[in-house]
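The lines below spell out each chain.
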Amino acid sequence: MALKLLALRFLLALISLQSAQGQEKLDPKVQGVSQDTEKCQRPHWDSRFQLAPDQENYRKNEEVMLSCPEGFQPSFTRVKCSSEIQSFAQGKPVHREVWLGRDTRGAWIRIRSTVECIEVLQVVPGTFEISSTSIKLNWTCRFPDACRGMRAMCRPAVPSSPPCEAKEVKGEEMLQGQEGTFTCSQLQPFTDYSVTIFLSPSTILFSWWFRTEETVPDKPEKLWLDRISGSLRWKALPSCKGEIIGYQLNITARSAGDGGFLEMERLQVNGSVTEHRLLEHSPGSSYVVSIRGRTAAGAGAASLWEFQPKSSDNQQPLSISCRRVQDISPSQGTAILSLRPITSEGVREHQLVVAMTHNGSVIESTCFGQPQPFSASQQPFNSSQQPFNTSQQLYNASQQPNIYVAAVLNLTAPMDFILGDGTQGQGYHNAALHPGWNYTALLRLVRRSPQSEKFTCVCYSFSVVTGHASGTWHGTVIGLVVLLALLLITAVILWLVLSRRRKYLPNKAKEDN
């Protein structure tokens, strides 16, 4: 009897334990199962959703409308509560709540991921194409039905004011299709614009502020010379096409006393600077000044002024008049240049640059240019070119004359230099001169600093005339002049002797009588 009672108690305990396990499986906190399988709790999806009807629980098969804020669309517009069998307990099915969504074909499908509000219009910021005059963006409509009547427009973001006035942009543009490109053109550089894509004035799908790229500035309009201080002054450029980060000045000075002297200064100044003091030169010197503004996009067009500081009249700037070379030997291909140090500031290294032309503009550009160092593959004389006409001094500007470094000199005192003796060195070649050609030799001194470059040149011009050596001809002329002078002096002496003798003879005859 006792054994039967003990077995009965064990059986009751086992049944109780199985019952507790079955209740645990039906706990609504596990696997999302609701105690009431005929209802579903409000789904915890995107917080921006608006549900209609809006309540905490929904009956089975009750349809619910989903909506999003303007510019967004839900992945399902209609959903409904449902249930499915999760497992079996004691031979009975255990249900859990699920949500079904209605697709574009009207079929109800199981929602297996979260539902969210999706942007109707997709514009990827990384795909923007912005230049100084246009803004271009690519767009994609994820819900074509929601994009009907979509428009785009481009407007200045802020009101413009002189001197940087932005022009009005053309009106609205209709966007059609599921994807495309919208372009704002004919815009002002370095200007803020607002691009808006909308369905209606109150339904904005996309809005963004853009700034067009910088471009080079306009050329300065006003530059003058302050004769009291000797400084150049100019009117600051406005930042209409970009932030003015500096000015680039090229100043060319020519001496009135020495037409072969040429000094050029190329310098950069900060964007806040609007004046520069000129170097002191002899009275009557002339200046040619070019100035251009700089932005991050580069340097703009240059304005050019020419004037003479010491003259009240508007005289033309002095032209280049190079020093003449007398001792030239066409047969040997040489010429002797009388060189002197350009400055006494202690700078010794001078370059001797040769240009096979008499053209003034080429001479100027050679002075402040960067002639290429001579290499074995480079020949300073190109036999395929025709020589210049020495009688008419013809020069074809479309042909770039040969320009080369003939020597690098450690010049500390006056010296006579033989140009064309054929010597070579690292980066230079003193090549022989060729008959029938015009030559200009530039003694060049370059001084550089972090903000400026100064090029000082003295030019010597000559022509290698075929048929005779100009040095020998000049020697012959000098010899003839000396001979004539000696003959004249001899004749004067003889005349004086004869005159005195004529006076002496009559007096002696009188004494004899």
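About the thresholds
- Residues numbered from 1 in each chain as written.
- Predicted model: local features only at pLDDT ≥ 70, side-chain atom pairs only at ≥ 80, totals over all residues.
- Heavy atoms only, no water.
- Helix = DSSP H or I, 4+ residues; strand = E, 2+ residues; numbered from the N terminus.
- Buried < 20%, exposed > 50% of the residue type's maximum accessible area, 1.4 Å probe, protein only.
- Contact = heavy atoms within 4.5 Å.
- Areas by Shrake-Rupley, 256 points an atom, 1.4 Å probe, with all protein chains shown as cover.
- Pairing = 2+ DSSP bridges.
- Axes fitted to C-alpha atoms, helices over the stretch in contact; angles between N-to-C directions.
- Salt bridge = Lys/Arg side-chain N within 4 Å of Asp/Glu carboxyl O.
- Core = buried A, V, L, I, M, F, W, Y, C linked by side-chain atoms within 4.5 Å.
- Polar contact = N/O pair within 3.5 Å; in protein donor to acceptor, adjacent residues only side chain to side chain.
- Phe/Tyr/Trp six-rings, centres within 6.5 Å; stacked < 30°, edge-to-face > 60°.
- Disulfide = S-S within 2.5 Å.

- By the naming in an unreviewed UniProt entry, the chain is PTPRU phosphatase, taken from Campylorhamphus procurvoides.

### Overview of the overall build of the chain
Thinking step 1. Across its full length, the chain holds 3 helices and 35 strands.
Thinking step 2. Here the chain holds 513 residues, and the buried ones make up 36% of them.
Thinking step 3. Long-range contacts, defined as pairs at least 24 residues apart, comprise 63% of the intrachain contacts of the chain with a sequence gap of at least 6.
Thinking step 4. Summing over all exposed atoms, the chain offers an accessible surface of approximately 31,100 Å²; the carbon and sulfur share of this is 52%.

### Some points on the sheet that holds strand β22 (residues 275-277)
Thinking step 1. Within the open sheet, the 3 strands sit side by side as β18-β19-β22. Their pairing is antiparallel. Lying at the two open borders of the sheet, with one neighbouring strand each, are β18 (223-226) and β22. Adjacent strand axes in the sheet meet at a mean angle of 20 degrees when their direction is disregarded.
Thinking step 2. Relative to β22, strand β19 (residues 231-234) runs antiparallel, the two being bridged by 3 bridges. Counted as the bridge partner of L232 is H276 from β22.

### Quick notes on the pattern of salt bridges
Thinking step 1. Throughout the structure, instances matching the rule amount to 17 salt bridges.
Thinking step 2. The closest approach of N and O atoms between R254 and E364, which form a salt bridge, is 2.0 Å. Remark: E364 occurs in helix α2 (residues 360-368) and R254 occurs in strand β20 (residues 246-254); sequence separation between them is 110 residues. We note that R254, like E364, is buried.
Thinking step 3. Connected via shared salt-bridge partners are E84, R96 and R110.

### Structural notes on the nonpolar core
Thinking step 1. Grouped together as the largest cluster of nonpolar side chains are 28 residues, with contacts concentrated most on L419, Y439 and F462.
Thinking step 2. Those elements that provide at least two residues to this core are β28 (334-339), β29 (349-355), β30 (403-410), β31 (415-419), β34 (438-448) and β35 (452-463).
Thinking step 3. Among all residues touching F462, those that are not within four sequence positions of it are V325, I328, A335, H358, L419, L433, W437, N438 and Y439.
Thinking step 4. Core analysis: the second largest hydrophobic core is formed by 24 residues, F128, I135, C184 and V195 among them.

### Focus: the side chain of D46
Thinking step 1. Counting through the fold element by element, D46 comes out in the loop between β1 (39-41) and β2 (50-52).
Thinking step 2. D46 gets classed as buried once you look at its relative accessible area, which sits at 18%.
Thinking step 3. A polar atom in the side chain of D46 sits 2.9 Å from the side chain of R48.
Thinking step 4. Side-chain polar atoms of D46 contact the backbone nitrogen of C117, separated by 3.3 Å.

### Examining the packing of aromatic side chains
Aromatic ring pairs: the centre-centre distance and the angle between the two ring planes describe each pair.
Thinking step 1. All chains considered together, the criterion is met by 9 aromatic pairs.
Thinking step 2. Both rings, one in Y58 and one in W99, keep their centres 5.9 Å apart while their planes meet at 75 degrees; by these two values the pair is edge-to-face. Pair noted here: Y58 is in strand β3 (residues 57-59) and W99 is in strand β7 (residues 92-102), with a separation of 41 residues, a long-range link. An identical accessibility class is assigned to Y58 and W99; each is buried.
Thinking step 3. Considering the side-chain rings of W234 and Y247, the 5.6 Å spacing of their centres and the 65 degrees angle between planes classify their relative orientation as edge-to-face. Within this pair, whereas W234 is found in strand β19, its partner Y247 is found in strand β20, the two being separated by 13 residues in sequence. Of the two residues, W234 and Y247, both sit in the buried class.

### Details of the sheet that holds strand β27 (residues 328-329)
Thinking step 1. Spatially, the 3 strands line up as an open sheet ordered β27-β28-β31, and their pairing is antiparallel. Two strands lie at the open edges of the sheet, namely β27 and β31, each paired on one side alone.
Thinking step 2. In terms of strand pairing, β27 meets β28 through 2 bridges, oriented antiparallel. Looking across to β28, one finds that S329 is bridged to T334.

### Details of the state of the cysteines
Thinking step 1. Scanning the model with the defined rule gives 6 disulfides in all.
Thinking step 2. Each sulfur of the disulfide joining C164 and C240 lies 1.9 Å from the other. Judged by the sign of its S-S torsion, about -85 degrees, the bond between C164 and C240 is left-handed. One end of the pair, C164, is in the loop between β13 (151-156) and β14 (173-174); the other, C240, is in the loop between β19 and β20, and 76 residues separate them in sequence.
Thinking step 3. Here C322 engages in a disulfide with C459; their sulfurs sit 2.1 Å apart. For the disulfide bridge between C322 and C459, the dihedral angle about the S-S bond is near -105 degrees, and by the sign convention the bridge is left-handed. Here C459 lies in strand β35 and C322 lies in the loop between β25 (303-307) and β26 (323-324), a separation of 137 residues in the sequence.

### Quick notes on α2
Thinking step 1. Among all positions in α2, only V362, I363, E364, T366 and C367 are buried.
Thinking step 2. Along its buried surface, α2 packs onto β20, β21 (261-270), β29, β30, β34 and β35.

### Structural notes on the pairing of β19
Thinking step 1. In terms of strand pairing, β18 meets β19 through 4 bridges, oriented antiparallel. When the sheet's bridge partners are listed, W224 is paired in β19 with R233.

### Observations concerning unusual backbone geometry
Thinking step 1. A cis amide bond links A52 with the next residue in sequence, P53, at an omega value of 0 degrees.
Thinking step 2. The residue P53 is located in the loop between β2 and β3 in this model.
Thinking step 3. Cis peptide bonds are those with omega within 30 degrees of zero, and the linkage from P162 to P163 qualifies with 0 degrees.
Thinking step 4. If you trace the backbone, P163 turns up in the loop between β13 and β14.
Thinking step 5. The phi dihedral of Q186 is positive, around 55 degrees, even though this residue is not glycine.
Thinking step 6. Tracing the backbone shows Q186 in the loop between β15 (179-184) and β16 (192-200).
Thinking step 7. A relative accessible area of 71% means that Q186 is categorised as exposed.

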